[in-house]
Amino acid sequence: MPAFDLPSGPDNFEFCVKEAIEQKNRKKLMKCLAAHRVVPVKNQWNETSFGKTIASFERRGDPKPRITEGTRDMMIDVLDIENDSDIERVRTRIKNQPNWGNEA
């Protein structure tokens, strides 16, 4: 089960990410990320030999979402991000979602 370290409140980001990960539903995860303006970015501290991930996530226009390492790894797996070009491709697809910025 994914572990989240997100603030409680009316925002359902935590729920939609959890549901998409549990279902391994890439499309649902991308829609959730788009609605909350969260995109993958290259992890500047990337060192996969030390177990660091290739990408992290940031929320456009707002403070960085607090996503635990385990959840971030599962999100990267569901989004099928394996290298830097995948990060850019996925980020573009998320930003082009019709529900970009329309928090549900």
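These numbers were taken from a predicted model, which means no experiment stands behind them.

Focus: unusual backbone geometry
Piece 1. For Lys-24, which is not glycine, the phi torsion reads 50 degrees and is therefore positive.
Piece 2. By the secondary structure assignment, Lys-24 is in the loop between α1 (13-23) and α2 (26-35).

Quick notes on the packing of α2 against helix α3 (residues 69-79)
Piece 1. Look at α2 against α3: their axes get within 9 Å of each other, and the N-to-C directions meet at 120 degrees. Comparing the axis directions of α2 and α3 gives the class oblique. For the pair α2 and α3, the crossing hand works out as left-handed. Residues Arg-26, Leu-29, Met-30 and Leu-33 of α2 pack against Met-75, Val-78 and Leu-79 of α3.
Piece 2. Tallied by class, the residues present in the contact of α2 with α3 amount to six nonpolar, no polar and one charged.

Overview of the packing of aromatic side chains
Piece 1. Enumeration over the complete set of coordinates arrives at zero aromatic pairs.
Piece 2. Here Arg-59 stacks its cationic end above the ring of Phe-13, 5.5 Å away from the centre of that ring.

About the thresholds
Residues numbered from 1 in each chain as written. Predicted model: local features only at pLDDT ≥ 70, side-chain atom pairs only at ≥ 80, totals over all residues. Heavy atoms only, no water. Helix = DSSP H or I, 4+ residues; strand = E, 2+ residues; numbered from the N terminus. Axes fitted to C-alpha atoms, helices over the stretch in contact; angles between N-to-C directions. Parallel < 35°, antiparallel > 145°, perpendicular 65-115°, else oblique. Left-handed = near helix turned anticlockwise from the far one by under 90°. Contact = heavy atoms within 4.5 Å. Nonpolar A, V, L, I, M, F, W, Y, C, P; charged D, E, K, R; others polar. Phe/Tyr/Trp six-rings, centres within 6.5 Å; stacked < 30°, edge-to-face > 60°. Lys NZ or Arg CZ within 6 Å of the ring centre and 35° of its normal.

Worth remembering: the numbers are spatial, not functional.
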